[in-house]
Amino acid sequence: QVQLVESGGGLVQPGGSLTLSCAASGFSFSGYAMSWYRQAPGKERELVAAVTSAGGSTNYADSVKGRFTISRDNAKSTVYLQMNSLKPEDTAGYYCNVRLGWIRYWGQGTQVTVSS
């Protein structure tokens, strides 16, 4: 079965950095685009970043452009989200996502808290 397991979240001060990882299994990872979403309390889940299957193209939410970088290692079936210059408004649960046909699969999420 499809599994997405996020890790790397935590508490970080404003201006700090974190790298999130999402280990995927149960499908042909190299054949699918991958994305990261986030959801803050009381807000809708929003797309943060996405990367194509071979990693050649990426896109980002305007709010994270220039600060976050999505990448993937198809040999390890893992997608990453490097987050720099973190702001308190980046505080949220971060979720890995893949769409296989009409079905979207989600990981359990990893919490990122940006606070001094």
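For the structure itself, consult the block above.
Participant: Hey, could you run me through the overall build of the protein chain in this one?
Facilitator: Across its full length, the protein chain holds 0 helices and 11 strands. The order of α-helices and β-strands along the protein chain, N terminus first, is β-β-β-β-β-β-β-β-β-β-β. Computed over C-alpha atoms, the radius of gyration of the protein chain comes to 13 Å, within 12% of the 13 Å expected from 2.2 N^0.38 for 116 residues, which places it in the range of a compact globule. Here the C-alpha coordinates of the protein chain stretch approximately 40 × 25 × 20 Å along the principal axes.

Participant: Please explain the layout of surface pockets as it appears in this structure.
Facilitator: Unoccupied space between atoms shows up once a probe the size of one water molecule is rolled over them. Approximately 160 Å³ is the volume found for the largest pocket. A33, M34, S35, Y37, L47, A50, N97, V98, R99 and R104 are the residues that line the largest pocket. Broken down by secondary-structure element, the contributors of at least two residues to the lining of the largest pocket are β4 (34–39), β5 (46–51) and β9 (92–100). Partitioned by chemical class, the residues of the lining of the largest pocket number 6 nonpolar, 2 polar and 2 charged.

Participant: It is not clear to me how the state of the cysteines should be interpreted in this structure. Could you clarify?
Facilitator: This structure, assessed with the given rule, holds 1 disulfide. Here C22 engages in a disulfide with C96; their sulfurs sit 2.2 Å apart. Measuring the twist about the S-S bond at about -85°, one finds the C22-C96 disulfide to be left-handed. Note that C22 is positioned in strand β3 (residues 18–25) and C96 in strand β9, a separation of 74 residues in sequence. Residue classification places C22 among the buried residues on the basis of a relative accessible area of 0%. On the accessibility criterion, C96 (0% relative accessible area) is buried.

Participant: What is the right way to look at the packing of aromatic side chains in this model?
Facilitator: When we look at a pair of aromatic rings, we describe it by the centre distance and by the angle of the planes. Under the defined criterion, the tally for this structure stands at 3 aromatic pairs. Centre to centre, the rings of F27 and Y32 are 5.9 Å apart; their planes meet at 70°, and the pair counts as edge-to-face. A ring pair is formed by Y37 and W106, whose centres lie 4.9 Å apart and whose planes are at 75°; its orientation type is edge-to-face. One end of the pair, Y37, is in strand β4; the other, W106, is in strand β10 (residues 103–106), and 69 residues separate them in sequence. The class of W106 is partly exposed, set by a relative accessible area of 33%. By way of ring pairs, the aromatic residues F27, F29 and Y32 are connected into one cluster. The aromatic ring of Y95 is capped on one face by R45, whose charged end is 3.8 Å from the ring centroid. The side chain of R72 reaches across the aromatic face of F29, ending 4.3 Å from its centre.

Participant: When you look at the pattern of salt bridges in this model, what are you seeing that I'm missing?
Facilitator: Pairing is possible between side chains of opposite charge, provided their charged atoms come close. Per the counting criterion, the structure on display carries 4 salt bridges. Two residues, D62 and K65, come together in a salt bridge whose shortest N-O distance is 3.1 Å. A single burial state applies to D62 and to K65, both of which are exposed. Note that D90 and R67 form a salt bridge whose closest N and O atoms lie 2.7 Å from each other. Here R67 lies in the loop between β6 (58–60) and β7 (68–73) and D90 lies in the loop between β8 (78–83) and β9, a separation of 23 residues in the sequence. A relative accessible area of 0% places D90 in the buried class. Shared partners join several salt bridges into a network, and the residues in it are R38, E46, R67 and D90.

What counts, and where the lines are drawn
Residues numbered from 1 in each chain as written. Predicted model: local features only at pLDDT ≥ 70, side-chain atom pairs only at ≥ 80, totals over all residues. Heavy atoms only, no water. Helix = DSSP H or I, 4+ residues; strand = E, 2+ residues; numbered from the N terminus. Rg over C-alpha atoms; globule rule 2.2 N^0.38 Å. 1 Å grid on protein atoms, 1.4 Å probe; cavity = no way out; pocket = protein on both sides within 12 Å on 5 of 7 lines; lining within 4 Å. Points joined across faces, edges and corners; volume = space filled by probe spheres on them. Nonpolar A, V, L, I, M, F, W, Y, C, P; charged D, E, K, R; others polar. Disulfide = S-S within 2.5 Å. Buried < 20%, exposed > 50% of the residue type's maximum accessible area, 1.4 Å probe, protein only. Phe/Tyr/Trp six-rings, centres within 6.5 Å; stacked < 30°, edge-to-face > 60°. Lys NZ or Arg CZ within 6 Å of the ring centre and 35° of its normal. Salt bridge = Lys/Arg side-chain N within 4 Å of Asp/Glu carboxyl O.

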